[in-house]
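Take a look at the letters that make up each chain.
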Amino acid sequence: MSHPSAQADTGAGLSRLAAISAALRPHDPGAQVALDPDHSSVQVLTVLDPEEVDRILAVAGIPVAPTPAGAGGGCGCGCSCSGG
């Protein structure tokens, strides 16, 4: 089984990071979005409710991954969203 190179993974992650940041900016200008390359996830710190983040990303056409059971909430975008 082959895996994409780490550089390709990082590029895709940065593209996702930019898309999420751009989508959230009009709703929470202070939102912080960062890439966690070790886990291929996006870390989001925002005052928005996780459900609102889901809605904003859906409207922007950004696919969201389901939050794993027991993950402690999050918006479902594959990030570690800390709403509120």
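Residues numbered from 1 in each chain as written. Predicted model: local features only at pLDDT ≥ 70, side-chain atom pairs only at ≥ 80, totals over all residues. Heavy atoms only, no water.

Draft legend 1. View of helix α2 (residues 50-59). Every buried residue of α2 is accounted for by Val 53, Ile 56 and Leu 57. End-on, the buried residues of α2 take up no more than an arc of 95 degrees, which puts them together on one face. Turned more than 90 degrees away from the buried face of α2 sit Glu 51, Ala 58 and Val 59, all of them exposed. Directly after α2, the chain includes Gly 61, whose backbone phi takes a positive value near 80 degrees. (Buried < 20%, exposed > 50% of the residue type's maximum accessible area, 1.4 Å probe, protein only. Helix = DSSP H or I, 4+ residues; strand = E, 2+ residues; numbered from the N terminus. Arc of directions from axis to C-beta.)

Draft legend 2. Up close: the environment of Val 59. Topologically, Val 59 is positioned in helix α2. Looking at Val 59, the relative accessible area reads 66%, which means it is exposed. Spatially, the C-alpha atoms of Val 59 and Ala 23 are 8.8 Å apart, while their sequence positions differ by 36 residues.

Draft legend 3. Geometry of the confidence of the model for the protein. Overall, the predicted model of the protein reaches an average pLDDT of 74, with 60% of residues at or above 70. Taken as a whole, residues 69-73 scores under 50 in pLDDT and shows 1 contact with residues more than four places along the chain or in a different chain. (pLDDT = per-residue confidence, 0-100. Contact = heavy atoms within 4.5 Å.)

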